[in-house]
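# Observations on the three-dimensional arrangement
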Amino acid sequence: MHSAATMRLIALWAMLFVFTAIVLSASAAEDKTSKSMNNSSSISELVDFVKEARDYAREEDRESACQQFSNKTGEFVRGDLYIYAYDFQGINVAHPFRPDFIGEDKINLTDPNGVALIKDLADCSRRGEDSTYFIFPNPDHGSEDELKIGYAAKVDENWWVGSGVYLSDLPDFFPLESRENLVSFVDEAAKYAEENGRDAALQAFNDRNSSFVRGNLYIFAYDFNGTVLSLPYQPELLGSDRLDAKDENGVRFVQNSIDQAKRGRGYLYYLYANPSKNMEEELKLGYVRSVDNNWWLGAGIYASESNATNATSSTYLGEIGRN
């Protein structure tokens, strides 16, 4: 028989073991979330890497720079980071892992969720430099399609360079039905605005009891200067300038949305506060469209509420690899 003191000691050790396991589990979860949502060090390295490539391209002639960028054993392939380059017409001029892209027109390339990645990256570089999200096969993960944060910078008026960091832990595939419902919802709101006028529409969009607020599916609206016109869950922001608003990864989602609306309509990814999760930022697929030359509107679906999953099928661009 164990003595009472021995039994107490065993119980104490058991409590310490359970407590340590809980702490380690919470730490691991927090670290995973940090890597997925923030990637601050990796994104900082990404920005520096692209700027280095841009400066190199400005110092060298374009042909020599593109040869270097297309060399998969060259100095501009560093672990997960590699440089690709396009002209502003969407012609690929350099890629170390997609030699089949070089010389091809990719301006209308869209990822599995309909995001026009080359147009988006070109718009980012037209501003000098900026970032956006898209899906692209990861050569280090068997060419699986994964969400990526891309950073692009203008070399000169003719071409730009870019690179990206994979956010492998985040879901990236939104079901077709969810996307179709999103588009229908936004089109319904645009039709209402056209038929009833801007003031009446905005009043409805900002009313949480209206048909344009369906749980976490709601209409937001801005003018083309980035001024908030409708945000039903954040009424304190009405009338504010959010042109340079950034998500946790530094992506300027309002500016990127304006780029889409200027084209007429389009999809984009961003991290945004989820009302049902205490306004914690979560991956969202947005769809926006212009109403007229003065303002635009949109809506978005959260990954956790749209049955979004990590891609498991073969990549939409075919297999690529480092060998």
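This text follows the structure it describes.
Everything in this summary refers to the structure shown in the same document.

Scoring rules and cut-offs
- Position numbers for residues count from 1 along each chain, tracking the sequence in the order it is written.
- A pLDDT threshold of at least 70 governs which residues receive local features in this predicted model, and a stricter bar of 80 or more applies before side-chain atom pairs are shown or counted, although totals over entire chains, interfaces and linings include all residues.
- For the side-chain quantities, the full set of heavy atoms in the structure was used; hydrogens and water were omitted.
- For two strands to be treated as a pair, DSSP must find at least two bridges joining them.
- The numbering of helices and of strands both runs from the N terminus, where a helix is a DSSP run of H or I of at least 4 residues and a strand a run of E of at least 2.
- Under this scheme, a helix contributes an axis fitted over its contacting stretch, all axes are lines through C-alpha atoms, and angles between N-to-C directions fall in the 0 to 180 degree range.
- Residue contacts are defined here by distance: any two heavy atoms, one from each residue, within 4.5 Å place the two residues in contact.
- Buried means the residue's accessible area, taken with a 1.4 Å probe over protein chains only, is under 20% of the maximum for its type, while exposed means over 50%, and partly exposed covers the values in between.
- Here Asp and Glu are counted as negative and Lys and Arg as positive; His is not counted, and neither are the chain ends.
- Salt bridge criterion: a side-chain nitrogen from Lys or Arg within 4 Å of a carboxyl oxygen from Asp or Glu.

### Concerning the sheet that holds strand E7 (residues 159–166)
In space, the five strands of this open sheet follow the order E4-E3-E7-E6-E5, with antiparallel pairing throughout. Lying at the two open borders of the sheet, with one neighbouring strand each, are strand E4 (92–94) and strand E5 (129–138). When strand polarity is set aside, the average angle formed by the axes of neighbouring strands in this sheet is 35°. Sheet topology places strand E6 (residues 144–154) next to E7; seven bridges connect them, and they run antiparallel. When the bridges of E7 are listed, Ile 149 appears paired with Val 165. On top of the sheet, helix H3 (residues 62–69) reaches strand E3 (84–87), E4 and E7; it is set at about 15° to E7, its chief contact.

### Concerning the sheet that holds strand E12 (residues 265–274)
Strand order in the open sheet made by the five strands is E11-E10-E14-E13-E12, with antiparallel pairing throughout. Strands with a single pairing partner mark the edges of an open sheet, and in this sheet they are strand E11 (228–230) and E12. The average angle at which neighbouring strand axes cross in this sheet is 35°, direction not considered. Direction of pairing for strand E10 (residues 220–223) relative to E11: antiparallel, over a ladder of two bridges. Each residue of the ladder has a partner; that of Tyr 222, found in E11, is Val 228. Relative to the sheet, helix H5 (residues 176–196) contacts E12, strand E13 (280–290) and strand E14 (295–302), its axis offset from that of E14 by approximately 155°.

### Quick notes on helix H4 (residues 117–126)
In terms of burial, H4 is a largely internal element, eight of the ten residues being buried. The set of residues buried in H4 consists of Leu 117, Ile 118, Asp 120, Leu 121, Ala 122, Asp 123, Cys 124 and Ser 125. Within two residues after H4, Gly 128 carries a phi angle of roughly 110°, on the positive side.

### Observations regarding the side chain of Lys 106
By the element assignment, Lys 106 lies in the loop between E4 and H4. Glu 104 provides the closest opposite charge to the buried, salt-bridge-free Lys 106, at an N-O distance of 5.2 Å.

### Here we look at the pairing of E5
Of all ten residues in E5, nine are buried; the element is thus mostly enclosed. Of the pairings in the sheet, the one linking E5 to E6 comprises ten bridges and is antiparallel in character. When the bridges of E6 are listed, Asp 130 appears paired with Ala 152. What sits between E5 and E6 in their antiparallel hairpin is a turn of five residues, with Gly 142 showing a positive phi close to 65°.

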